[in-house]
Number of protein chains: 2
Amino acid sequence: MKKIGKQTFSIKDNVFVRDTFTIVGKKEGEGPLGDKFDMIVDDDLWGEDSWEKCELKFQKEAVKHLMDKNNLAQKDIDLLISGDLLNQITSSSFAARDLQLPYVGVYGACSTMALTMGLGSLLIDGGFANNIICVTSSHFCSAERQYRLPLEMGGQRHMSAQWTVTGTAAVWLSNGGSGPRIKNVTFGKIQDLGVKDANNMGAAMAPAAYDSLRQHLEDTGVDYDLIVTGDLGTVGKSIVNKMFNEDKKSIEKKYDDCGTIIFDIEKQDVHAGGSGCGCSATVFGAFLYKKLLNKEINKLLFTSTGALHSPTATLQGESIPGIAHCVGIEM
Amino acid sequence: MKKIGKQTFSIKDNVFVRDTFTIVGKKEGEGPLGDKFDMIVDDDLWGEDSWEKCELKFQKEAVKHLMDKNNLAQKDIDLLISGDLLNQITSSSFAARDLQLPYVGVYGACSTMALTMGLGSLLIDGGFANNIICVTSSHFCSAERQYRLPLEMGGQRHMSAQWTVTGTAAVWLSNGGSGPRIKNVTFGKIQDLGVKDANNMGAAMAPAAYDSLRQHLEDTGVDYDLIVTGDLGTVGKSIVNKMFNEDKKSIEKKYDDCGTIIFDIEKQDVHAGGSGCGCSATVFGAFLYKKLLNKEINKLLFTSTGALHSPTATLQGESIPGIAHCVGIEM
């Protein structure tokens, strides 16, 4: 069986991350990665009449641009795997409707990018597909009104709150070509230490990030150049560092978090940093992937983290379960 | 590549449906399959304080019973794949939290059972897992209040409306053993002919069912003994028959729908029939699987159908996208 250790799936040298395409909103475009995204959309509706419709346009356009750029026809794509934050993952489903590709929808909240890439790489290694497109998205406005409060209220944001990234990344996985290869995939177990505060997702997700990272590192024994989590922000990142330090297995020197990479936290007034499915997705597509391509790093552990927060469950007194999926990528 | 035709993934003889466990509510227990379910729960809260918490208990208990019955320990299960109808698939995520298994969450609305079984069988055939548990659930009360109207209103139901099944099925897929084997999997493309009525899901899903069935039959050429869709009910079933008849490729004689099997439509006052993730799941687990085991049928095409209905998208003027995933199972 292609499983190593307790929880990690091992892949031969045959799954390549062939290309990516990223689209972000205005605020993300003004951040430190501004010149690295493929497209920046200034209008938070992008000509649509709702934020939700705008978000699905992000996904659809990213996939179309990725396919066009690489001369990929519909028949070349064996499967589209996607998910997002909205109820019934409408951005993904409506984009898939327009793209007319065979479609697997997933839900992992902000862990979606690693979840789709993990699944996609197993299916390619298993011999079922030559080309798979993985995509996810989030939109500050659609997420804020679904998960928290009406934007029109203008409520003050908590200091531990994160800023949902408006953005999407489409990732083309292929069994041919060159470039970075996906080598090891760990699907996480849910961790929940009882955090109930929808304005402190970093704390809700950190135990899951620690658990999956620890398991992945133990299972594979790979010495990564860079370990990156999805969207823990400053609060969650410091908890992960603390948990590893308590283990006497510090990862601090080679560890970073997409939520702290995508924004200039001080200048852009985003409090604890970025979040949302689009956070780890766009940071991977525009920044980390290119670091691998340019051989600035050779071994990347990409770990998207998800807070499976449900407003209904919270109203019923439940806490917020966290999950993290790890994808080990090597150049 | 293990792909046949345009859209179907072909599996060697190594993925067995080893066992199932089903739990249903009172109304389902009073229906024609009443004596076939593993457990019937009379109380629509099952001792919990909300319908949502009751639904997650259904999932959790089904998996626990399935594991206990087969002496499966936590370490024997390589992956749990699950999804459900609720926002943020809370039944699945919270059940996965308590089960502490590596977890992949999917969203396919009522197409979830075939979606999880399809993914699971590809991962086993790909060599990544020996044992995978697939599970899904729905609950009449939690679905009704999320997707339609408060139950307390006591509104009159449309004649084309379906009755969401309260139930769950856990399915154990394994690369060893004996019994029915999953042979071919087709993940559907989304079809949407513009239906906007949340009380006519059968019509919204029928074009997707037709599209995936037609593609699967064309790709595989298998002459199935029985073709079953998930939860089209009387309305959707008649549309599928009509679409195949117009093609001059009638499947009428060997075609049925779980939504018309699970309830006595006249006597139980369910209007167009059953629906929900639990519909095709429990009919498969309690009835179709046993038909295969007993060799009453040898070749089953199991097709769960999903209406990716979003109340938000509908309020924004959108129609309801449909999807159908096919799993060909042979004894």
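From a predicted model like this one, the values you see are computed outputs, not experimental measurements. (Residues numbered from 1 in each chain as written. Chains lettered and ligands numbered in written order. Predicted model: local features only at pLDDT ≥ 70, side-chain atom pairs only at ≥ 80, totals over all residues.)

Draft legend 1. Focus on the overall build of chain A. For chain A, the count of helices and strands is 10 helices and 15 strands. In terms of C-alpha radius of gyration, chain A reaches 18 Å, essentially the compact-globule figure of 20 Å for 331 residues. The dimensions of chain A, computed from C-alpha atoms along their principal axes, are 50 × 50 × 35 Å. Split into buried and exposed, the 331 residues of chain A put 62% on the buried side. The contacts in chain A between residues at least 6 apart in sequence include a share of 80% that link residues at least 24 apart. (Helix = DSSP H or I, 4+ residues; strand = E, 2+ residues; numbered from the N terminus. Rg over C-alpha atoms; globule rule 2.2 N^0.38 Å. Buried ≥ 20, exposed ≤ 12 C-beta atoms within 10 Å, placed from the backbone. Contact = placed C-beta atoms within 7 Å.)

Draft legend 2. Spotlight on the interface of chain A and chain B. At the interface, 50 residues of chain A touch 50 residues of chain B. Mapped by element, the contributors of at least two residues to the side of chain A that touches chain B are α2 (51-69), β5 (79-84), α3 (90-99), β6 (103-105), α4 (112-125) and α10 (311-315) of chain A. For the side of chain A that touches chain B, the residue count by class is 23 nonpolar, 18 polar and 9 charged. (Nonpolar A, V, L, I, M, F, W, Y, C, P; charged D, E, K, R; others polar.)

Draft legend 3. Layout of the environment of Ile-262 of chain A. Residues and elements named next belong to chain A. Tracing the backbone shows Ile-262 in the loop between α8 (258-261) and β13 (274-275). Judged by C-beta crowding, with 33 C-beta atoms within 10 Å, Ile-262 ranks as buried. Spatially, the C-alpha atom of Ile-262 lies 24 Å from that of Phe-187, the residues being 75 residues apart in sequence. If we ignore the near neighbours within four places in the chain, the residues touching Ile-262 are Glu-28, Gly-31, Leu-33, Val-165, Gly-274, Cys-279, Thr-282 and Val-283.

Draft legend 4. Spatial organisation of the nonpolar core. With 218 residues, the main nonpolar core has Ile-133 of chain A together with Ile-133 of chain B as its most contacted residues. Among the domains, domain 1 (3-174) and domain 2 (181-330) of chain A are the pair contributing at least three residues each to this core. In this structure Ile-133 of chain A touches Val-63, Leu-66, Ile-77, Leu-80, Ala-170 and Trp-172 of chain A, once residues within four positions along its chain are discounted. (Core = buried A, V, L, I, M, F, W, Y, C linked by C-beta atoms within 7 Å. Domains from an automatic or database assignment.)

Draft legend 5. Structural view of the relation of the copies chain A and chain B. In screw terms, the move from chain A to chain B is a rotation of 180 degrees and a rise of 0.0 Å along the axis, fitting with an RMSD of 0.0 Å. Those values place the two copies in the arrangement expected of a two-fold rotation axis. (Least-squares fit on C-alpha atoms with pLDDT ≥ 70 in both.)

Draft legend 6. The arrangement of the domain arrangement of chain A in detail. All names here are of chain A. As far as domains go, chain A holds domain 1 (3-174) and domain 2 (181-330). Between domain 1 and domain 2, the C-alpha centre-to-centre distance is 17 Å. Counting residues at the interface gives 57 residues for domain 1 and 61 residues for domain 2. Elements with a minimum of two residues in the side of domain 1 that touches domain 2: β2 (8-10), β3 (16-25), α1 (26-29), α4, β7 (131-138), α5 (140-147), β8 (163-164) and β9 (167-174). For the side of domain 1 that touches domain 2, the leading source of residues is α4, giving 8 residues.

Draft legend 7. Main features of the environment of Gly-154 of chain B. Mapped onto the secondary structure, Gly-154 of chain B falls in the loop between α5 (140-147) and β8 (163-164). Here the alpha-carbon distance between Gly-154 of chain B and Thr-166 of chain B, two residues 12 residues apart in the chain, equals 18 Å.

Draft legend 8. Main features of the pairing of strand β5 (residues 79-84) of chain B. All names here are of chain B. Of all 6 residues in β5, 6 are buried, a share of seventy percent or more. On β5, burial covers both faces: Leu-79, Ile-81 and Gly-83 on one face and Leu-80, Ser-82 and Asp-84 on the other are all buried. Sheet topology places β5 next to strand β7 (residues 131-138); 6 bridges connect them, and they run parallel. Paired with Leu-79 across the two strands is Ile-132, which belongs to β7. In this fold, the crossover linking β5 to strand β6 (residues 103-105) by way of helix α3 (residues 90-99) has right-handed handedness. (Pairing = 2+ DSSP bridges. Right-handed = clockwise from strand over helix to strand, strands pointing away.)

Draft legend 9. Highlighting unusual backbone geometry. Residue and element names in this part refer to chain B. Phi angles above zero are rare outside glycine, and Lys-248 is one such case at about 60 degrees. Among the residues examined, Lys-248 registers 6 C-beta atoms within 10 Å and is labelled exposed. Phi at Lys-295 takes a positive value of approximately 60 degrees, unusual for a residue other than glycine. Its place among the elements puts Lys-295 in the loop between α9 (277-293) and β14 (299-307).

Draft legend 10. Quick look at the packing of α4 of chain A against helix α9 (residues 277-293) of chain A. All names here are of chain A. Look at α4 against α9: their axes get within 7 Å of each other, and the N-to-C directions meet at 60 degrees. In terms of orientation, α4 and α9 fall into the oblique class. Here Thr-112, Met-113 and Ala-114 of α4 lie close against α9, whose contacting residues are Cys-277, Ser-280, Ala-281 and Phe-284. The residue makeup of the contact of α4 with α9, split by class, is 5 nonpolar, 2 polar and no charged. (Axes fitted to C-alpha atoms, helices over the stretch in contact; angles between N-to-C directions. Parallel < 35°, antiparallel > 145°, perpendicular 65-115°, else oblique.)

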